[in-house]
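# Observations on the model geometry
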Amino acid sequence: MSDTVFTFPVRVYYEDTDAGGIVYYANYLKFFERARTEWLRALGIEQDLLLSKNVAFVVTQVLMDNKKPAKFNELLTVSSQISTLKQASIVFIQKIHNVAGELLCSAQIKVACIALQEMKARAIPAEVAEVLSGGR
């Protein structure tokens, strides 16, 4: 859908790893989440303001492929791109590379927009959808 790719640096901390200094697989999901949040922030979309308006985004589907391990103290780059933007959901393609440019992990993550108090699907607010679609 979009050629726009957002990148975000992440340092691997000791808390992200197992006893062998390898990133625990579930922590890649945290890295992806941070990158999506920072991308929205860079676009002027603050999720705490959306929450105050009863709007939230929840992950509904993850397809993740772990290629190579990330290790303690490595600097990684998380890239994020929107592949599909629908009325009430977004599909992101996200990748994590090390400084050598090697692909360590990739994921397709579907996020749904919900009315938080009702816990039901709702349309993505028009001003958010417009920003995410690049004004199209």
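Anything mentioned here points back to the structure above.
I will try to describe carefully the structure that is included in this document. (Residues numbered from 1 in each chain as written. Predicted model: local features only at pLDDT ≥ 70, side-chain atom pairs only at ≥ 80, totals over all residues. Heavy atoms only, no water.)

## Some remarks on the overall build of the protein chain
Looking only at helices and strands, the protein chain features three helices and six strands. Listed by position from the N terminus, the elements making up the protein chain come as β-α-α-β-β-β-β-β-α. Relative to the 2.2 N^0.38 estimate, which gives 14 Å for 136 residues, the radius of gyration of the protein chain is 16 Å and therefore close to what a compact globule would have. Across its three principal directions, the C-alpha atoms of the protein chain cover 45 × 30 × 25 Å. Relative to its 136 residues, the protein chain shows a buried fraction of 38%. Intrachain contacts of the protein chain at a sequence separation of at least 6 include 68% that bridge at least 24 residues. Accessible surface computed for the protein chain: about 7800 Å², of which carbon and sulfur atoms make up 53%. (Helix = DSSP H or I, 4+ residues; strand = E, 2+ residues; numbered from the N terminus. Rg over C-alpha atoms; globule rule 2.2 N^0.38 Å. Buried < 20%, exposed > 50% of the residue type's maximum accessible area, 1.4 Å probe, protein only. Contact = heavy atoms within 4.5 Å. Areas by Shrake-Rupley, 256 points an atom, 1.4 Å probe, with all protein chains shown as cover.)

## Some points on a nonpolar patch on the surface
Side chains of Leu-29, Val-59 and Val-62 sit close together on the surface and give an oily, nonpolar patch of about 210 Å² of accessible area. Considering the arrangement of structural elements, one finds Val-62 in strand S2 (residues 55-66). Judged by its relative accessible area of 39%, Val-62 is partly exposed. (Patch = residues over 30% accessible without salt bridge, like charges linked within 9 Å, V, L, I, M, F, W, Y side chains within 5 Å. Salt bridge = Lys/Arg side-chain N within 4 Å of Asp/Glu carboxyl O.)

## Quick notes on the side chain of Ser-80
Along the chain, Ser-80 turns up in strand S3 (residues 75-85). In terms of polar contacts, Ser-80 uses its side chain to reach the side chain of Gln-94, at 2.8 Å. Excluding its chain neighbours within four sequence positions, the residues that come into contact with Ser-80 are Thr-4, Val-5, Phe-6, Ala-35, Arg-36, Trp-39, Ile-93 and Gln-94. (Polar contact = N/O pair within 3.5 Å; in protein donor to acceptor, adjacent residues only side chain to side chain.)

## Some remarks on the packing of aromatic side chains
Following the criterion strictly, the structure yields five aromatic pairs and no others. Summarising the aromatic geometry, the rings of Phe-6 and Trp-39 are spaced 6.0 Å apart at their centres and angled 5 degrees between planes, so their arrangement reads as stacked. Taken together, the residues Phe-6 in strand S1 (residues 6-11) and Trp-39 in helix H1 (residues 25-42) connect sequence positions 33 residues apart. Summarising the burial analysis for this pair, Phe-6 and Trp-39 share the class buried. (Phe/Tyr/Trp six-rings, centres within 6.5 Å; stacked < 30°, edge-to-face > 60°.)

## Here's the deal with the environment of Val-12
Tracing the sequence through the fold places Val-12 in the loop between S1 and H1. Considering only alpha carbons, one finds Val-12 and Lys-95, 83 residues apart in sequence, at a separation of 15 Å. Once residues within four sequence positions are removed from consideration, Val-12 is found in contact with Thr-17, Val-23, Ala-70, Lys-71, Phe-72, Asn-73, Glu-74 and Leu-76.

## A few points about the pairing of strand S5 (residues 103-115)
With 10 of its 13 residues buried, S5 lies for the most part within the structure. Both S2 and S5 contribute to a ladder of 11 bridges, which runs antiparallel. Within S5, the residue paired with Ala-56 across the bridge is Ile-114. Where strand S4 (residues 89-97) lies against S5, nine bridges are found, and the strand directions are antiparallel. Each bridged residue has a counterpart across the sheet, and for Phe-92 the counterpart in S5 is Ile-109. Here two bridges tie S5 to strand S6 (residues 120-121), and the two strands are oriented antiparallel to one another. By the bridge assignment, Ala-115 is partnered in S6 with Lys-120. Turn length for the S5-S6 hairpin, with the two strands adjacent in sequence and antiparallel, is four residues, and the turn residue Met-119 shows positive phi of about 55 degrees. (Pairing = 2+ DSSP bridges.)

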